Each structure stands twice: as C-alpha cells, then as structure tokens.
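# A closer look at the structure
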Amino acid sequence: MSLQDRIQHVEERIQAACDRSGRNRDDVNIVAVTKYVSVEMTRTVLDQGVLNIGENRPQSAVPKWETLQGRGTWHFLGHLQSRKVKDVVGKFKYIHSLDRISLAEELDKRAATSGIEVLAFVQVNVSGESTKQGLEPGEVEAFLKEMDSYSHIKVIGLMTMAPIEEEPELTRPVFRRLRELRDELNAKAVTSVPLTELSMGMSGDFEIAIEEGATWVRLGTILVGKGEED
C-alpha cells in the first residue's frame, strides 16, 4: 500500500470515528510519527499534505528538521531531558511531554531567550503503569497552578498513552478519564485559558481515542508504513 493509500485509509477511519461520536472531522489533527523513517520518507509525508511531524529523539530529529529546512509543524513526543531542551526550542512548536517543573524551567528560559512561546501538553499517566512517564491525575491541578509563573509556556491540553491492548476497546477508560480530567480542570478554571486539546491515540487505538475526544492522534505504523512503530 502506498503512502497516499495509507493516508486515505486513515482518513476514512477518522471520519467514521467522528461520525460515530458526533464529532467534526476538522477537530481531529494527525501527527505523523516519523521517528523510525528516513528524511526522504518524512519529506514525502509533507509532500502528501500531512504537515504535523512527530519525533521523540533530538539527536535524530534535528538533522531531519535541518535537512527539510523546518518544513511543517514539529511536535516533540517523547520524554525530554532538560539538557536537550536547547536542541528542541525554536524547532518544535509543540511539546507533548511536559511532566515536571525542572523541564518547565528550562523550556521557559530557552523560549524567553528566543522570544517565542512553547505550546505544551501536560503528560498524564492515567493507566498508572510504572513504565509510563507523566504525572498522576491527582497531581495535575497543582502542577498547572505552578505553570502560571512561566510566561513563555502555554499549556493547551493534556496527553496520555494507553496500555498496548490486543482489543482496542480496552483502552477506552484511559482516554475517557483524560477527557474527564480536562473537563474537571476547566470547570474549576485552574488555568486562565481553558484547556482545549487532548493528545491521545496511536496506530492501534486512535479510533477509540477520537470517540473519547482526542484532538491530536499520533500515528506511526498505520501512516508511514510497514515496519514502523509508534
């Protein structure tokens, strides 16, 4: 199956998930996870009109970004070490893995130096798996209140990763809980501007995530081809 065919197949499945849940297709964005593919494939993805690119390793992502001369909108998806922030700020518009104050401090400092604003998702470990990064749901409110002091970071929503399940339906409670948490935080007006975004869902479970309110789905395998991973 060609990249164009895969994109069309994904589009059909996203539209069907939106139809089932009464959502507008325009409210769901695709991030193409290109961390395991070449710069040539990443360029082809951009050429096909998928303009949001997701990477999680600065050492491999930055050379791609430079070769492609910053084409597209870049999303940092993985655990971000504070010492790598200097390589990311100014290249990646979105950070999906904000999970500690030390990282916020470094992001804010680098963004201030560059005169830009970083758009961030707070990563939440909804499933409670020890292998997953992120804040516990009960820690998010206090964390967001602390974020008020960082003027160059704009928290726009929450991000989570569900457990890998053979049956995608089993991921639903994780995605539902993230949406409920966002809505609870908004009801309390924890942030000065309401949180609108939910980054959740990958190749194996994105339809369930969309049904539960995802606004950004992170697609590797299903989009960029055989042998790739999310």
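Relevant structure appears above.
This write-up is about the structure you can find in this document. Everything numeric in this text was worked out from a predicted model, so none of it was measured. All chains use their own residue numbering, which begins from 1 and follows the written sequence. Local features in this predicted model are restricted to residues of pLDDT 70 or higher, and side-chain atom pairs are both shown and tallied only at a pLDDT of 80 or more, whereas totals for entire chains, interfaces and linings draw on every residue. Based on all heavy atoms of the structure, the side-chain values leave hydrogens and waters out of the count.

A separate point is the overall build of the chain. Secondary structure elements are taken from DSSP: a helix is a run of H or I of four residues or more, a strand is a run of E of two residues or more, and numbering for both begins at the N terminus. Per the secondary structure count, the chain includes nine helices and eight strands. The atom set for the radius of gyration is the C-alpha atoms, and the globule formula is 2.2 Å times the number of residues raised to the power 0.38. Taken over C-alpha atoms, the radius of gyration comes to 17 Å for the chain, in line with the 17 Å a tight globule of 230 residues would show. With respect to the three principal axes, the spread of C-alpha positions in the chain is 50 × 40 × 30 Å. For each residue, the accessible area found with a 1.4 Å probe, counting protein chains only, is set against the maximum for its type, and the residue is called buried under 20%, exposed over 50%, and partly exposed in between. Across the 230 residues in the chain, those meeting the buried criterion constitute 51%. Working rule for contacts: check all heavy atoms of both residues, and any pair within 4.5 Å makes them a contact. Within the chain, counting contacts between residues at least 6 apart in sequence, those at least 24 apart form 57% of the total. Computed with the Shrake-Rupley method and a 1.4 Å probe, the accessible areas treat only the protein chains shown as cover for residues. For the chain, the exposed area adds up to about 10,600 Å²; of that, 46% sits on carbon and sulfur atoms. In summary, the charge assignment counts Lys and Arg as positive and Asp and Glu as negative, without counting His or the chain termini. Lysine's charge is taken at NZ, arginine's at CZ, aspartate's at CG and glutamate's at CD. If you average the places of the 29 positive and of the 37 negative side-chain charges in the chain, the two averages end up 4 Å apart.

This part covers the nonpolar core. Counting residues in hydrophobic clusters, the biggest one holds 65 residues, and the most contacted among them are Leu98, Val122, Leu158 and Leu223. Take this core: its biggest share by element is six residues, from helix H1 (residues 3-21). Here, nonpolar core means buried Ala, Val, Leu, Ile, Met, Phe, Trp, Tyr and Cys residues that are tied together by side-chain atoms lying within 4.5 Å of each other. Grouped together as the second largest cluster of nonpolar side chains are nine residues, Tyr94, Phe121, Met159 and Trp216 included.

Glancing now at the side chain of histidine 75. Summarising the element assignment, histidine 75 is placed in strand S3 (residues 73-76). Accessibility expressed as a relative area gives 0% for histidine 75, which makes it buried. Reaching out from histidine 75, the side chain makes a polar contact with the side chain of asparagine 52 at a distance of 2.8 Å. Apart from residues no more than four positions distant in its own chain, histidine 75 is found in contact with Val31, Asn52, Ile53, Gly54, Glu55, Phe92, Tyr94, His96 and Trp216. Whenever two N or O atoms come within 3.5 Å, that pair is a polar contact, provided that in protein one can donate a hydrogen and the other can accept it, and provided that, for residues adjacent in sequence, both atoms are side-chain atoms.

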